[in-house]
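Working through the structure, step by step
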Amino acid sequence: MSAAAIGAGSIFGAAASSAAQDAGKPTPRVLALIGDRFHSADYIRVSLDRLFSELGLPIDYTIMYDQLSRDRLRGYGILLCLRDGMIWPGGYLGPDAYACYEEGLENPGDLPKPKAQNWITQEQAEAVRGFVAEGNGLYSLHNNSHVSLTSPMYREVMGGAYIGHPPLRPFKVRVVNKNHPITKGIEDFMVNDEQHYVAYDKDHQNIFLEAENVDGLTYEDHGTKSISGWAHEYGKGRVVFTAVGHTIHAMWAPEYLKLQKRAVQWLLKMI
């Protein structure tokens, strides 16, 4: 295992592996780029380990955003991204953004105020574009829509961009396109999560999930409802975005877990 990976799953389900062997094709692999200041790579890996174990597909994990490249993507069928577009090379106080964790530090003035930089380069965005256009899949999860704010090419592939979100609170996710292969058999569900508000740039018929705060709580001037999932073709490949994903219990909401499985299968053109 290279230093670029924080772990690799040697996870093969008998059914998926057997099907691939019967078809004379190698089992497709997934590369997951995960983790940022606000989203621990640990909880993401735990949640995805269950998903891909139940699918019977191998997954490799990396936190090394700077090593995303055409060469790094070679041999994979899906790039899964659950991380935002920011790095903090100057450091920051506390383990996360909550100011209360920084209270009582003896030397809070010794460090500069945290300042974010964007990590994705044009070359990296071109690598992702080529990867998908050549026939592979991109699964963009939760806050990954933030990367699109600083990369027009990544946004062109992924399809939209981050607007913002309120704090963790319950909301309902509804299936608004029951005819899509990904949503077949999926029921509406409730989660306690960050309700991410995002813009979608392509044909709105590609949207298959909508979130709503059924208690009537809004986010700024964006109302109670938000786009929560879409899928579209890009070149010879496919792209899926789903917005839920700030906690394990949200990732493992039964209907959402089923939907994630179907999203992966659709990206791999299995359904």
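First, a word on scope: everything that follows refers to the structure included in this document. Source: prediction; values computed, not measured.

**Things to note about the nonpolar core**
In this structure, Leu48, Phe52, Tyr139, Val240 and Tyr256 are the most contacted members of the largest nonpolar core, which totals 42 residues. In this view, Leu48 contacts Ala32, Ile34, Ile59, Tyr61, Leu80, Leu141 and Met251; residues no more than four positions away in its chain are not counted. Counting residues in each nonpolar core, the second largest holds 29 residues, with Leu33, Trp119, Phe131 and Met158 among its members.

**A look at helix 4 (residues 122–133)**
Every α-helix winds through 3.6 residues per turn, so residues three or four apart in the chain are directed the same way. With 12 residues, helix 4 extends 16 Å between its outermost C-alpha atoms, agreeing within 8% with the 16 Å of an ideal straight helix rising 1.5 Å per residue. All buried positions along helix 4 are accounted for by Gln124, Ala125, Ala127, Val128, Gly130, Phe131, Val132 and Ala133. In this fold, the buried residues of helix 4 make contact with helix 3 (70–73), strand 4 (78–82), strand 7 (137–141), helix 5 (152–158), strand 13 (225–234) and strand 14 (237–242). At the exit of helix 4 stands Gly135, carrying a positive phi of roughly 125 degrees.

**Structural notes on the packing of helix 2 (residues 41–55) against helix 7 (residues 254–267)**
Two elements in contact, helix 2 and helix 7, have axes separated by 10 Å at closest approach and are oriented at 60 degrees. By the angle between their axes, helix 2 is oblique relative to helix 7. Regarding helix 2 and helix 7, the two cross each other, and that crossing is right-handed. Contacts from Arg50, Leu51, Phe52, Glu54 and Leu55 in helix 2 reach Leu257, Gln260, Lys261, Val264 and Gln265 in helix 7. Residue classes in the contact of helix 2 with helix 7 are distributed as 5 nonpolar, 2 polar and 3 charged.

**Overview of helix 2**
The first and last C-alpha atoms of helix 2 sit 21 Å apart over 15 residues, in line with the 21 Å expected at 1.5 Å per residue. Along helix 2, the positions that sit buried rather than exposed are Ala41, Tyr43, Ile44, Ser47, Leu48, Leu51, Phe52 and Leu55. Projected down its long axis, helix 2 shows its buried positions confined to an angular sector of 160 degrees, all on one face. Two to three positions downstream of the cap, the backbone nitrogen of Asp42 sits 3.0 Å from a side-chain oxygen, assigning the N-cap of helix 2 to Ser40. Looking one or two residues past helix 2, Gly56 carries a phi angle of roughly 75 degrees, positive in sign.

**So, the pairing of strand 12 (residues 207–212)**
Where burial is concerned, most of strand 12 is hidden: 5 out of the 6 residues are buried. Of the pairings in the sheet, the one linking strand 9 (residues 169–175) to strand 12 comprises 4 bridges and is antiparallel in character. Bridging across to strand 12, Arg174 finds its partner in Glu210. Bridge count between strand 12 and strand 13: 5 bridges; the pairing is antiparallel. Within the sheet, the bridge partner assigned to Ile207 lies in strand 13 and is Trp230.

**Quick look at unusual backbone geometry**
For His142, which is not glycine, the phi dihedral falls at a positive 55 degrees. Mapping His142 onto the fold places it in the loop between strand 7 and helix 5. Positive phi values are uncommon outside glycine, yet Lys269 reaches one of about 60 degrees. With respect to the helices, strands and loops of the structure, Lys269 is situated in the segment after helix 7.

**Brief notes about the packing of aromatic side chains**
If you walk through the whole model with that rule in mind, you get 6 aromatic pairs. Connected via pairs of aromatic rings, a cluster forms that spans Tyr200, Trp230 and Phe241. Over the ring of Trp88 we find Arg37; its NZ or CZ atom is 4.4 Å from the centre of that ring. The ring of Trp266 carries the charged tip of Arg238 above its face, separated from the ring centre by 4.4 Å.

Here is what the cut-offs are and how they apply
- Residues numbered from 1 in each chain as written.
- Predicted model: local features only at pLDDT ≥ 70, side-chain atom pairs only at ≥ 80, totals over all residues.
- Heavy atoms only, no water.
- Core = buried A, V, L, I, M, F, W, Y, C linked by side-chain atoms within 4.5 Å.
- Buried < 20%, exposed > 50% of the residue type's maximum accessible area, 1.4 Å probe, protein only.
- Contact = heavy atoms within 4.5 Å.
- Helix = DSSP H or I, 4+ residues; strand = E, 2+ residues; numbered from the N terminus.
- Expected span 1.5 Å × (residues − 1).
- Axes fitted to C-alpha atoms, helices over the stretch in contact; angles between N-to-C directions.
- Parallel < 35°, antiparallel > 145°, perpendicular 65-115°, else oblique.
- Left-handed = near helix turned anticlockwise from the far one by under 90°.
- Nonpolar A, V, L, I, M, F, W, Y, C, P; charged D, E, K, R; others polar.
- Arc of directions from axis to C-beta.
- Polar contact = N/O pair within 3.5 Å; in protein donor to acceptor, adjacent residues only side chain to side chain.
- Pairing = 2+ DSSP bridges.
- Phe/Tyr/Trp six-rings, centres within 6.5 Å; stacked < 30°, edge-to-face > 60°.
- Lys NZ or Arg CZ within 6 Å of the ring centre and 35° of its normal.

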